[in-house]
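One letter stands for each residue in the lines below.
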Amino acid sequence: MPTGALPRRAGRRTNLGLLALLTVTGATGLLAFGVGTPLPARVVAAAHGAAGLGLLLLVPWKSVVVRRSWHRTRGRRDPAVAWALAALTGLTVLTGVVHSVAGTTVGGVGVLQVHVAAGIGTGLLVVLHAVGSRQRPRRGDVSRRALLQAGGLAAGALALWAGVEGGLRLTGAPGGRRRATGSHERGSGDPAAMPVTQWFTDTVPDDDGSALALVAGGRTARLHAGDLDRGDTLTAVLDCTGGWYAEQEWRGVRLDRLLAGPDLPDGGSVDVVSVTGYRRRLPLADAGSLLLATHCAGRPLSAGHGAPVRLVAPGRRGYWWVKWVARVEVVDAPWWAQPPVPLQ
Ligand code: HEM
Ligand SMILES: Nc1nc2c(c(=O)[nH]1)N[C@H]1C(S)=C(S)[C@@H](COP(=O)(O)O)O[C@H]1N2
Ligand SMILES: [Mo]
C-alpha cells in the first residue's frame with residue numbers, strides 16, 4: 001500500500017494508467033456492440049473485462065493522489081466533476097461485474113443497460129476531468145521503468161480478469177456459462193421464454209402489415225407472409241446487446257432464394273425495413289446466410305418476436321435482426337453508409 005510520501009512522478013503515472021485503462025474499456029465496450037462471432041467477441045470481452053477490473057488495482061494509488069491534491073488545491077478547483085467521475089466509474093465497474101457474475105436483470109432493471117449508460121457517462125466525464133487536469137507528456141513517460149510499470153499493470157489486470165472468470169466457472173455461478181460476448185442464455189428452443197426486446201424507443205406495432213414489398217432492379221413485388229414459408233431452416237443464435245442470447249431453429253426463406261429472380265448488382269446492399277420504420281442495411285453478398293423467418297421452433301412467430309416475418313442474421317448482434325419486416329430493397333449504396341446502430 002503506498003504512503004503519503006508517494007513521489008510526484010508516481011502520481012502522474014497513476015493518472016496516466018487510469019486514463020489508459022478507461023480508454024481501453026471505453027473503446028472495447030463500444031466495439032462489443034459490433035462483434036457477434038465467437039473469436040472476436042471473446043477477445044473484445046476479455047480486453048474489456050481486464051481493463052475494467054484493472055481500474056481497481058489503481059484505487060489505492062489514486063486515493064493517495066486525491067488526498068495530496070486536496071491539500072494542494074483546496075478551494076481552487078471545483079471538485080464536482082472529479083467526484084461525479086469517481087462515483088460513475090464505481091457504478092460502471094459494479095454493474096459490469098454484477099452482469100458478468102449474476103445475470104441480466106436485478107429487480108426488473110437491466111443491469112447491462114445501466115452499465116452502458118454509466119459507461120458512456122464515465123467517458124464524457126473523463127474528457128471533462130482530463131481537460132481540467134491536463135498532464136503534458138514528458139520524457140520520463142517512456143522510460144524503461146514506466147514501460148515495466150505499464151506491463152505490470154496490464155499483466156495484473158489480465159490476471160484479475162482470469163481469476164474472476166476461473167472463479168465463476170469453479171463455483172458454478174451463472175456467469176460461468178456466459179457466451180463469448182458475455183451474454184447469458186434465455187429461452188433457447190423455447191421462444192415463449194425468450195425475452196421480447198426493443199431497441200431504444202421502438203414498439204410492437206398493432207398493424208403487422210402482412211404484405212411484404214420486395215424492391216429490386218426498379219420493380220416492386222408484393223408478397224404475402226404465407227408465400228414466405230418455403231421450408232428453409234437455419235439454427236442461429238440471437239444475441240442481444242442487452243446481455244442475453246437464445247439459440248433457435250428458424251424457418252422461412254433464404255434471402256438469396258427470394259432475390260434469385262431479379263438482376264442483382266455486383267456488390268450492393270439490401271435494406272431491410274420494418275413496418276415501424278426501424279431499418280438495417282446489409283451487404284448483398286451475405287444474402288446466402290440470411291433468412292426471412294416466419295417460424296421459430298416450429299411455430300409461427302409471436303407478435304413480440306416479429307410476426308409475420310423477421311430477419312435472421314447469424315453472427316450479428318440482435319439489433320440487426322429486424323422484426324415486422326415490411327420492405328426488402330436492393331440498393332447500390334454500401335452497407336456501411338448508415339448509422340452504426342439504429343436510431344429508433
Ligand atoms: C469506461 C467505462 C467502462 C468501464 C470502466 C467498464 C467496466 C466493466 C467491467 C469491470 C466489466 C466486468 C468484467 C468482468 O467481470 O469480466 C464490464 C462488463 C461489460 N461491459 Fe463494460 N465498462 C465500461 C463501459 C462499457 C460500455 C460503454 C459498454 C457498451 C457499449 C460496455 C459493455 C460491457 C459488456 C457487454 C460487459 C459484459 C462482458 C462480459 O460479461 O464478459 N461497457 N465492464
Ligand atoms: N423493428 C424492430 N426490430 C428489432 C428491434 C426493434 O426495436 N424494432 N430490436 C432488435 C433487437 S435490439 C433485438 S435484440 C432483437 C430482439 O428480438 P426478440 O424481441 O424477438 O427477442 O430484435 C431486433 N429487431
Ligand atoms: Mo438487442
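Looking at an unreviewed UniProt entry, one finds the protein named Oxidoreductase molybdopterin binding domain-containing protein and attributed to Geodermatophilus saharensis.

Caption draft 1: Broad picture of the packing of helix H4 (residues 80–101) against helix H5 (residues 111–132). One can describe the packing of H4 onto H5 by two numbers: an axis separation of 8 Å at closest approach and a directional angle of 150 degrees. Taken together, H4 and H5 sit at an angle that is classed as roughly antiparallel. Here H4 and H5 pass one another in a crossing that is left-handed. The segment H4 lies against H5, with Val81, Ala82, Ala84, Leu85, Leu88, Thr89, Leu91, Thr92, Thr95, Gly96, Val98 and His99 engaging Val111, Leu112, Val114, His115, Ala118, Gly119, Gly121, Thr122, Leu125, Val126, Leu128 and His129. When its residues are assigned to classes, the contact of H4 with H5 shows 14 nonpolar, ten polar and no charged.

Caption draft 2: Layout of the pairing of strand S7 (residues 244–254). With two bridges connecting them, strand S3 (residues 184–185) and S7 associate as parallel partners. Bridge pairing links Glu185 to Tyr245 in S7. Judged from the nine bridges that link them, strand S6 (residues 232–240) and S7 form a sheet pairing that is antiparallel. Each bridged residue has a counterpart across the sheet, and for Asp239 the counterpart in S7 is Tyr245.

Caption draft 3: Looking closely at the site of ligand 1. Taken together, the neighbourhood of ligand 1 is formed by 23 residues, with Gly29, His48, Ser100, His115 and Arg178 sitting nearest. Between ligand 1 and Ser100 there is a distance of 3.2 Å, counted from an oxygen atom to a side-chain nitrogen or oxygen. His115 is positioned such that a nitrogen or oxygen atom in its side chain is 2.7 Å from a nitrogen atom of ligand 1.

Caption draft 4: Structural view of the nonpolar core. Judged by nonpolar contacts, the single largest core of 41 residues is most densely connected at Trp250, Leu255 and Leu292. Mapped by element, the contributors of at least two residues to this core are strand S4 (211–216), S6, S7, helix H7 (255–258), strand S8 (269–274), strand S10 (291–296), strand S12 (310–312) and strand S13 (325–331). Grouped together as the second largest cluster of nonpolar side chains are eleven residues, Leu18, Leu21, Leu22 and Leu153 included.

Caption draft 5: Just the site of ligand 2, in detail. Inspection of the region around ligand 2 gives 22 residues, with Pro195, Asp202, His305, Arg310 and Lys323 positioned closest. Take Thr197: an N or O atom from its main chain is 2.8 Å from an oxygen atom of ligand 2. At 3.0 Å from a nitrogen atom of ligand 2 is found a main-chain nitrogen or oxygen belonging to Trp321. When ligand 2 sits alone it has 530 Å² of accessible area, and the protein chains cover 100% of it. For the shell around ligand 2, the per-class residue count stands at twelve nonpolar, seven polar and three charged.

Caption draft 6: Local environment of the coordination of the iron atom of ligand 1. Every protein donor of the iron atom of ligand 1 is accounted for by His48 (NE2) and His115 (NE2), and the metal-donor separations fall at 1.9 to 2.0 Å. Here the iron atom of ligand 1 is ringed by six donor atoms whose angles at the metal span 86 to 180 degrees, and the overall shape comes out octahedral. In this pair, His48 is assigned in helix H2 (residues 38–57) and His115 in helix H5, connecting sequence segments 67 residues apart. For His48, a relative accessible area of 24% gives the class partly exposed. Judged by relative accessible area, His115 falls into the buried class, the value being 13%.

Caption draft 7: A look at the state of the cysteines. Tallied over the entire structure, the rule returns zero disulfides. Cys240 supplies the cysteine sulfur nearest to Cys296, a cysteine that is in no disulfide, at a spacing of 15 Å. Here Cys296 falls in the buried class, since its relative accessible area comes to 3%.

Caption draft 8: Just the sheet that holds strand S5 (residues 219–224), in detail. Read across the sheet, five strands follow the order S5-S4-S13-S8-S9 without closing on themselves; strand pairing throughout is mixed. Two strands in the sheet have a free side with no partner beyond their single neighbour: S5 and strand S9 (279–283). Averaged over neighbouring strand pairs, the angle between their axes works out to 15 degrees when direction is ignored. Relative to S13, S8 runs antiparallel, the two being bridged by six bridges. Counterpart to Val273 in the pairing with S13 is Arg327.

Quick notes on the rules
- Residue positions are given per chain, counting from 1 as you read along its sequence in written order.
- Lettering for chains starts from A, numbering for ligands starts from 1, and both go in the order in which the items are written.
- Per-residue local features of the predicted model are confined to residues with pLDDT of at least 70, and side-chain atom pairs are confined, for both listing and counting, to 80 or more; whole-chain, interface and lining totals are unaffected and use all residues.
- Remark: hydrogens and water are excluded; side-chain values derive from all non-hydrogen atoms of the structure.
- Fitted lines through C-alpha atoms give the axes, limited to the stretch in contact for helices. The angle between two N-to-C directions lies from 0 to 180 degrees.
- The numbering of helices and of strands both runs from the N terminus, where a helix is a DSSP run of H or I of at least 4 residues and a strand a run of E of at least 2.
- Under this scheme an angle from 65 to 115 degrees is roughly perpendicular, one under 35 degrees roughly parallel, and one over 145 degrees roughly antiparallel; angles in between are oblique.
- With the far helix as reference, a near helix turned anticlockwise by less than a right angle produces a left-handed crossing, and one turned clockwise produces a right-handed crossing.
- Between two residues, a contact is recorded if the distance between any of their heavy atoms is within 4.5 Å.
- Following the grouping adopted for this structure description, the nonpolar residues are Ala, Val, Leu, Ile, Met, Phe, Trp, Tyr, Cys and Pro, the charged ones are Asp, Glu, Lys and Arg, and the polar ones are all others, Gly among them.
- Strands qualify as paired when DSSP identifies two bridges or more between them.
- The cutoff for a nearby residue is simple: one of its non-hydrogen atoms must lie within 4 Å of the molecule or strand.
- By the criterion applied in these results, polar contacts are pairs of N or O atoms within 3.5 Å in which, for protein atoms, one can donate a hydrogen and the other can accept it, and in which residues neighboring in sequence qualify only through two side-chain atoms.
- Residues enter a nonpolar core if they are buried and are Ala, Val, Leu, Ile, Met, Phe, Trp, Tyr or Cys, with the set joined through side-chain atoms within 4.5 Å.
- The buried label goes to any residue with under 20% of its type's maximum accessible area, the exposed label to any with over 50%, and the partly exposed label to all in between, with areas taken from a 1.4 Å probe on protein chains only.
- We get accessible surface area from the Shrake-Rupley algorithm with a probe of 1.4 Å; when it comes to residues, only the shown protein chains can shield them.
- Any N, O or S atom lying within 2.8 Å of the metal counts as a donor, with the limit raised to 3.2 Å for Na, K and Ca; because water is left out of the atom set, some sites can appear incomplete.
- Metal sites are grouped by the angles between bound donors: all angles between 85 and 135 degrees with four donors is tetrahedral, opposite donors over 155 degrees apart with the others between 65 and 115 is square planar for four donors and octahedral for six, and any other pattern is irregular.
- Criterion for a disulfide: a pair of cysteine sulfur atoms at a distance within 2.5 Å.

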